[in-house]
Structure formats: structure tokens, C-alpha cells
Amino acid sequence: MESKMADLVDVHHSQYSHWEKTYLDNPKMYGEQPSLAGVYATQRFIESGLYEILELGSGQGRDTLPMLEAGLRVSALDYSSVGLRAIAEEASTAKLSDRLITLTHDICDPLHFEDESFGGCFSHMLFCMALSTAELIGAMAEVRRVLRPGGICIYTVRHVGDAHFGAGTDLGDGIYENGGFAVHFFDRSLVERLAEGFELEEVSLFEEGALPRRLWRITMRRL
């Protein structure tokens with residue numbers, strides 16, 4: 001077990017350069033259109049009157065830009081400076097820079113925001129990266145800290161019903177590396193552990209991509 005956890009630490013650090021190269025080689029690897037989860041989150045935030053949004057793992061901005069266009073003010077965080085530069089350039093071209101903050105950030109580190117700074121948080125597939133359960137619990141505690149009471153957190157993860165669960169290199173803690181990408185596959189008990197301090201409103205199944213990836217969209221309200 002200690003060996004697997006050491007391997008996981010190494011993988012977590014190596015994923016940074018892997019994603020940087022991936023984004024450089026594939027400027028629009030996820031396409032031009034927002035994700036279904038991003039569309040849902042944008043609508044939910046607006047309907048709830050929540051306009052200050054934290055986006056974790058913004059990637060190349062497929063959901064960031066539509067959120068800005070919808071009138072939301074987004075603080076977009078990612079540990080890929082390549083992806084963040086692309087987002088900032090697109091926002092500038094669209095004259096939306098006044099609604100955007102970009103910040104290079106490792107989700108394992110504390111968030112650089114005051115308590116109760118945001119009305120909503122959105123994250124598409126960040127939490128199912130090479131993050132241990134302990135790191136996920138710490139990251140979600142930070143999300144709860146920076147959300148206002150009644151704020152909404154919407155995130156998506158690949159789950160144990162996904163075709164890649166159990167495939168590739170087993171790194172322990174539900175994490176498997178396949179094709180250079182390490183994924184933490186969620187079961188329902190992990191979703192419930194991360195909901196501490198929140199009201200768990202909804203866990204919805206959906207699929208994305210050509211595999212297809214099988215995901216959960218989780219919606220929680222901060223108590």
C-alpha cells in the first residue's frame with residue numbers, strides 16, 4: 001500500500017507536464033461547445049441569482065467562456081498555464097476580461113480567497129484526476145469555506161460504472177492510470193463523504209465523449 005501511495009504522489013506531480021503538453025498539442029481537444037454539465041451549471045447559477053463563480057480545473061475554457069457570455073463573473077483556476085492563457089486570450093478578444101480572473105493553482109493547495117467569497121462553484125472532471133481521497137476531502141473543505149451559505153457546488157466525476165474502471169495501472173485508492181491519464185473513479189460512498197457540510201441535492205448520470213465516459217453530475221448546496 002505504501003508503494004502504491006508513493007506511486008500516486010509521483011503521478012500527481014507528473015500529470016502537470018502531461019496536461020501542459022496535451023493542451024499545447026491539442027488547442028481544442030474538447031471541442032468548441034460547452035459541456036452539458038457546464039450548460040446546466042450556468043442555468044442553475046443564474047436561476048439562483050449566483051453570479052460570483054469559482055471554476056476549478058477550467059482547462060481550455062470550453063465552459064468558462066459561455067459562463068462569461070451569460071453574465072457570470074468567473075475566477076478560473078487550473079494548474080495548466082497553457083490552458084489559462086488560452087482562456088484569457090479568448091476572453092480579451094470577446095471583450096469579457098472584466099468578468100474573468102485566471103489563477104494557476106494546484107487543487108491540493110489552499111484556495112487564495114477569503115471565506116464566503118463565491119455564490120457558486122463548478123468543476124468538470126477535475127475531482128476525478130490523480131487525487132487521493134484525503135486530498136479530495138481537503139479540497140472540498142476549501143470549496144465549502146469559500147462558498148457563501150446557500151451557495152451551490154456542481155461537479156462531475158467518472159464513476160465505477162465507467163468502462164475504464166479497473167483498466168490500466170492500479171495506483172490504489174480507486175485510481176487507475178490509462179494512456180498517461182490517471183483517473184480516480186468515484187463510488188457513491190465517496191460522493192457522500194465529500195458532501196459533508198452540504199445538502200446533497202442530486203446525483204445524475206450522464207455520458208460524454210466517444211468511449212463514452214460515464215459520469216455523475218453532483219449538485220450540492222452549502223449549509
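What counts, and where the lines are drawn
Residues numbered from 1 in each chain as written. Predicted model: local features only at pLDDT ≥ 70, side-chain atom pairs only at ≥ 80, totals over all residues. Heavy atoms only, no water. Pairing = 2+ DSSP bridges. Helix = DSSP H or I, 4+ residues; strand = E, 2+ residues; numbered from the N terminus. Axes fitted to C-alpha atoms, helices over the stretch in contact; angles between N-to-C directions. Expected span 1.5 Å × (residues − 1). Buried < 20%, exposed > 50% of the residue type's maximum accessible area, 1.4 Å probe, protein only. Phe/Tyr/Trp six-rings, centres within 6.5 Å; stacked < 30°, edge-to-face > 60°. Lys NZ or Arg CZ within 6 Å of the ring centre and 35° of its normal.

**Some remarks on the sheet that holds strand β6 (residues 169-172)**
No. 1: Spatial strand order, β6-β7-β8: three strands in an open sheet with antiparallel pairing. Of all the strands in the sheet, just β6 and β8 (181-184) have a single pairing partner and so form its edges. Direction aside, the axes of adjacent strands within the sheet are offset by 25° on average.

**Re helix α4 (residues 81-93)**
No. 1: Compared with the 18 Å implied by 1.5 Å per residue over 13 residues, the 18 Å span of α4 between its first and last C-alpha is a close match.
No. 2: Within α4, the full set of buried residues consists of Val82, Gly83, Leu84, Ile87 and Ala91.
No. 3: Directly beyond the C-terminal end of α4, a positive phi value near 60° is found at Lys95.

**Thoughts on the packing of aromatic side chains**
No. 1: Taken as a whole and assessed by the stated rule, the structure comprises six aromatic pairs.
No. 2: An angle of 70° between the planes, with centres 5.3 Å apart, marks the rings of Phe127 and Tyr155 as edge-to-face. Of this pair, Phe127 sits in the loop between β4 (118-124) and α5 (133-146) while Tyr155 sits in strand β5 (residues 147-158), and the two are 28 residues apart along the sequence.
No. 3: Relative accessible area serves as the criterion here: at 0%, Phe127 is assigned to the buried category.
No. 4: Seen in terms of ring centroids, Phe165 and Tyr176 are 5.6 Å apart; in terms of plane orientation they differ by 85°. Their pairing is edge-to-face. On the criterion of sequence distance, the pair formed by Phe165 in the loop between β5 and β6 and Tyr176 in strand β7 (residues 175-178) is long-range, its members being 11 residues apart.
No. 5: Residue Phe165 is classed as partly exposed on the basis of its relative accessible area, which comes to 35%.
No. 6: Within the aromatic cluster, the residues linked to one another by ring pairs are Phe127, Tyr155 and Phe186.
No. 7: Against the face of Tyr40 rests Arg217, its NZ or CZ located 3.5 Å from the ring centre.

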